[in-house]
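Chain residues, written in single-letter form:
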Protein chains: 4
Amino acid sequence: MPNRGITSGASLAQLRAEVLEANLELVRRGLVLFTFGNASGILREEGLVVIKPSGVPYEKMTSEDLVVTDLDGKIVEGDLRPSSDLATHLVLYKAFSEIGGVVHTHSEYATAWAQARREIPCFGTTHADYFHGPVPVTKPLTPKEIRSDYEVNTGHAIVRRFAKLDPLHMPGVLVAGHAPFCWGATPTEAAHAAVVVEEIAALATITITANPKARAISKHLHDKHFLRKHGSTAYYGQKK
Amino acid sequence: MPNRGITSGASLAQLRAEVLEANLELVRRGLVLFTFGNASGILREEGLVVIKPSGVPYEKMTSEDLVVTDLDGKIVEGDLRPSSDLATHLVLYKAFSEIGGVVHTHSEYATAWAQARREIPCFGTTHADYFHGPVPVTKPLTPKEIRSDYEVNTGHAIVRRFAKLDPLHMPGVLVAGHAPFCWGATPTEAAHAAVVVEEIAALATITITANPKARAISKHLHDKHFLRKHGSTAYYGQKK
Amino acid sequence: MPNRGITSGASLAQLRAEVLEANLELVRRGLVLFTFGNASGILREEGLVVIKPSGVPYEKMTSEDLVVTDLDGKIVEGDLRPSSDLATHLVLYKAFSEIGGVVHTHSEYATAWAQARREIPCFGTTHADYFHGPVPVTKPLTPKEIRSDYEVNTGHAIVRRFAKLDPLHMPGVLVAGHAPFCWGATPTEAAHAAVVVEEIAALATITITANPKARAISKHLHDKHFLRKHGSTAYYGQKK
Amino acid sequence: MPNRGITSGASLAQLRAEVLEANLELVRRGLVLFTFGNASGILREEGLVVIKPSGVPYEKMTSEDLVVTDLDGKIVEGDLRPSSDLATHLVLYKAFSEIGGVVHTHSEYATAWAQARREIPCFGTTHADYFHGPVPVTKPLTPKEIRSDYEVNTGHAIVRRFAKLDPLHMPGVLVAGHAPFCWGATPTEAAHAAVVVEEIAALATITITANPKARAISKHLHDKHFLRKHGSTAYYGQKK
């Protein structure tokens, strides 16, 4: 990831620019249809979140259209309604203190695995390069959780699923019956993770078609690839 | 849906422009091959229907090429033959008084499910956002219905299938062994529904590949998502 | 098919132009990779066949590069070797006197069904509009037929398969373990048939994924659609 | 293959240009995502290898960014780190003296078959034109081989798999749980092989979907097609 995003210590204007770019990246990569999907970013010190407005076409969106809220979802800047998934983003920012960006898409393969309510086994090194384990699936919400504060409860279901998982070693989740949420240290990395999850899901679909009994790679190979790219002994890419 | 179409109270010239645009949208979205597919719209007060001509390439089509008929299919304006599916469109306009546009395509995934004669279960929220139930399939026509007035009888098969369904809560159908017909309050919304049905069918295909035992989402979740976008308590998108 | 090609009574220059265009259509439709695939046309009265040269990239090909041969494959005009599949084309022209163009591709879905050695059942009306029956598959060649005159024998295998079939009611075939050959009254129609066979194969693949027990449509519906487009009672498209 | 590459006897500048072009070909053909994948070439007499730098975006890459190393992986020219897969490339160059280029991608279908750990049967002539046998799969590495010198050992696993195979009659391999490595007489041919392996894998996936009991073509047909394009009796393409 040559450009890992610039959020840390950035100004609100810089964050607006990066969040707009992350939203447009979803379009360029074919991850969203119509106005589905949304990307956000956070300024941790100021406690400000920048998110896509609800139902606005990507081709017309400018950084001025983005909505700025505080961590309670109160609008600080902007004339448009924020994405209806804002509440889910906020729960993730509160629970996962190390993340700086969140992305939600209905990308085809990842959404289909979310609909299949099947975690994606680590069938190969493309997966292992990014996810330190299978791509997890949340448990379905209860009728009560669906009825009121649905988007907040979607966030809680994700956080519960990550009770024993490190969000930066596992930059995304499949929400059962819904679609993926992804994240990263920056909005740029969150959008990158959304592209990767879609690719992992596509590869897994073809893998089980080619061999319905396909099995996950060994823990040794999984660790090797993950640690080639992450942590203190990483040796992929150029020195930072 | 930021632009829901302008048909209501529109002039014939406006309707021609919108119907042309709906036809071209089918091409842009990759839903039609060659001259397959057609979109139409209706001026309810005047009882006039505007529809694509039969077998004319989309790239050369102008709004002048569109054919205007009355609700009996009598040509009021235009030198070309109307789409051979006109009779089906007319049956739908007569039976579903709340619709203003109809679209027929042979888009790949939706057509394949029509060929499979399998209704599309609501596997997730992308589906639930638009269809308040599974995407229905018609019953096959009898030999007699096929032999004479085939296109009229195709329309009747759709209407029979919707005896207990609300067309605006279920903006499309799979005609068994044939392909989808979709509709909406305007031609723009009908084309939108055609894109959505194709996406729902693609997602469902991958879903059952990932998990042959995949099940529909709960009625609670289904209702929640449908009502987030439709009806008096909708909170998706910007205020109208 | 608004433009059905102009071969009948055309000059050699016109046929060269149409054959070039048919070859380029294969590229535009994504039916060929590298230099795979070839289209040809025939002037019946002169007994001259125009065909793509072997192994020349499409992007550089001009109508001057096309090779003209007689029905025995003797080169009449051109400095390049003709396509290595020429002999198959010639057998088809000799056996099917009503065709004016032949196209061979390795398009993905049709090639896969040829590899699967499974005829494509008529699952729906898209298929029925063009093929009056399942898309047929040839029998495998014998070792002897493969060893000598392989391309000629490929043609014979196709002709044998069509002993009881009308080539213009069935404008293509899957050669077992190889790929499709298609044809039509003109090179333009042959290229059109190649696009259609690929689409039919793609639809059939998704159909059996959606429902492994999917069945062919009724003979009544099949006949209805085929005859809507073909024969004296056709009523699809504009009057000719 | 009209352009088979110019490596033999080429200057280092020419090789740099060809290796850059081979890397960009992977992008044009949709075989790589982000910075995944890498192509290299070798000057046999000088013992110099030119390879893509690690983690650099293709759209910004120039021939100056490429890294030149000797056969021990010592950097001779270049300021950037070489691809982390360099060691695998070097093992292949040392073991397969007839190859002049190596390409590694994570292209979707080929990677999925590598993940499925299933060799690709020769289902048809597209495959037979390039691979004289099934596309082979390596054996998984042992924990020890993964722990240290992982990339070197990946190369060894490939070489072991080719103990009885001719690398130029079998221009690629699926590394179990990882992805394909391909090669050829030049970097251009190696990139060509990577495109072909992806196509073969895609065709095979659809073939087994259309017919789960699909079988390989006969040895007679396989030999015929391979030898039409390769060896002293080849008659495909123009005379060289």
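Bear in mind the structure is a predicted one, so any value in this text is a computation, not a measurement.

Moving on, we come to the overall build of chain A. In terms of regular secondary structure, chain A is built from eight helices and seven strands. Here the C-alpha radius of gyration of chain A, 17 Å, is about what a compact globule of 240 residues would show, namely 18 Å. With respect to the three principal axes, the spread of C-alpha positions in chain A is 50 × 50 × 35 Å. A burial count over chain A gives 61% of its 240 residues as buried. A sequence separation of at least 24 residues applies to 64% of the contacts in chain A between residues at least 6 apart. Of the roughly 9,300 Å² that chain A leaves accessible, carbon and sulfur atoms contribute 53%.

For the rest of this paragraph, the subject is the interface of chain C and chain B. Contacts between the two partners involve 37 residues from chain C, matched on the other side by 33 residues from chain B. Roughly 3,100 Å² of surface becomes buried between chain C and chain B when both sides are summed, with 56% attributable to carbon and sulfur atoms. Here chain C is connected to chain B by two salt bridges. Note that B:E151 is salt-bridged to C:R228, the shortest N-O span being 2.6 Å. There are 11 residue pairs in polar contact (both at pLDDT 80 or more) connecting chain C and chain B.

It is worth spelling out the relation of the copies chain C and chain B at this point. Note on the identical chains: chain C maps onto chain B by a rotation of 90° and an axial translation of 0.0 Å, with an RMSD of 0.0 Å. In symmetry terms, the pair is related by a four-fold rotation axis. Among all residues of chain C, the minimum C-alpha distance to the rotation axis is found for C:T209, at 5.4 Å. Both copies present different contact surfaces, since only 3% of the interface residues of chain C are interface residues in chain B too.

Structural alignment of chain A on chain D gives an RMSD of 0.0 Å, achieved by rotating through 90° and translating 0.0 Å along the axis. Little of the interface of chain A is mirrored in chain D, where only 3% of its interface residues are also at the interface.

Turning to the sheet that holds strand β7 (residues 180–184) of chain D, a few remarks are in order. Residues and elements named next belong to chain D. Ordered by their spatial adjacency, seven strands build an open sheet running β4-β3-β2-β1-β5-β7-β6, and the pairing between neighbours is antiparallel. Because the sheet does not close on itself, it has two edges, and the strands there are β4 (75–77) and β6 (172–174). Pairwise comparison of adjacent strand axes, ignoring direction, gives a mean angle of 25° for this sheet. Bridge count between strand β2 (residues 48–51) and strand β3 (residues 67–70): four bridges; the pairing is antiparallel. By the bridge assignment for β3, I51 is matched with V67.

Turning to the packing of aromatic side chains, a few remarks are in order. Residue and element names in this part refer to chain B. Applying the stated criterion across every chain yields a total of 20 aromatic pairs over all chains. Ring geometry for F34 against F36: centres 6.1 Å apart, planes inclined by 75°, an arrangement best described as edge-to-face. For the pair formed by F34 and F36, the shared burial category is buried.

Residue and element names in this part refer to chain D. By secondary structure assignment, the location of H104 is in strand β5 (residues 101–104). A distance of 3.4 Å separates the side chain of H104 from the side chain of H178, its partner in a polar contact. In contact with H104, other than residues within four places in its own chain, are L26, G37, N38, D85, H89, H178, A179, P180 and F181.

Take the packing of helix α2 (residues 86–95) of chain A against helix α6 (residues 150–161) of chain A next. Residue and element names in this part refer to chain A. Axis separation between α2 and α6 bottoms out at 7 Å; the angle between their running directions is 35°. Handedness of the α2/α6 crossing: right-handed. Along the contact surface, α2 presents A87, T88, V91, L92 and A95, while α6 presents E151, V152, T154, G155, H156, I158 and V159. For the contact of α2 with α6, the residue count by class is seven nonpolar, four polar and one charged.

Between chain A and chain D, the contact holds 37 residues from the first and 33 residues from the second. Taken together, both faces of the contact between chain A and chain D bury some 3,100 Å²; the carbon and sulfur share is 56%. In this structure, the connection of chain A to chain D is made through two salt bridges. Between A:R228 and D:D85 there is a salt bridge whose closest N-O contact spans 3.7 Å. Remark: the boundary between chain A and chain D carries 11 residue pairs in polar contact (both at pLDDT 80 or more). When residues of the side of chain A that touches chain D are assigned to their parent elements, the largest contribution, 11 residues, is made by helix α7 (residues 187–210) of chain A. Considered class by class, the residues forming the side of chain A that touches chain D number 16 nonpolar, 12 polar and nine charged.

With that settled, the discussion passes to the confidence of the model for chain A. Close reading of the predicted structure is inappropriate where its pLDDT is low. For chain A, per-residue confidence averages 94 on the pLDDT scale, and residues scoring 70 or more make up 95% of the total. Here the prediction assigns the complex a pTM of 0.95, and the interface score ipTM is 0.94.

All names here are of chain B. Side chains of strand β5 (residues 101–104) alternate between two faces, with G101 and V103 and V102 and H104 buried alike. When strand β1 (residues 38–43) meets β5, the two strands line up antiparallel, connected through four bridges. Bridge pairing in β5 links G41 to G101. Relative to strand β7 (residues 180–184), β5 is paired through four bridges, and the arrangement is antiparallel. Bridge assignment links V102 to a residue of β7, and that residue is W183.

The rules behind each value
Residues numbered from 1 in each chain as written. Chains lettered and ligands numbered in written order. Predicted model: local features only at pLDDT ≥ 70, side-chain atom pairs only at ≥ 80, totals over all residues. Heavy atoms only, no water. Helix = DSSP H or I, 4+ residues; strand = E, 2+ residues; numbered from the N terminus. Rg over C-alpha atoms; globule rule 2.2 N^0.38 Å. Buried < 20%, exposed > 50% of the residue type's maximum accessible area, 1.4 Å probe, protein only. Contact = heavy atoms within 4.5 Å. Areas by Shrake-Rupley, 256 points an atom, 1.4 Å probe, with all protein chains shown as cover. Buried area = accessible area lost by both parts, 1.4 Å probe. Salt bridge = Lys/Arg side-chain N within 4 Å of Asp/Glu carboxyl O. Polar contact = N/O pair within 3.5 Å; in protein donor to acceptor, adjacent residues only side chain to side chain. Least-squares fit on C-alpha atoms with pLDDT ≥ 70 in both. Pairing = 2+ DSSP bridges. Axes fitted to C-alpha atoms, helices over the stretch in contact; angles between N-to-C directions. Phe/Tyr/Trp six-rings, centres within 6.5 Å; stacked < 30°, edge-to-face > 60°. Left-handed = near helix turned anticlockwise from the far one by under 90°. Nonpolar A, V, L, I, M, F, W, Y, C, P; charged D, E, K, R; others polar. pLDDT = per-residue confidence, 0-100.

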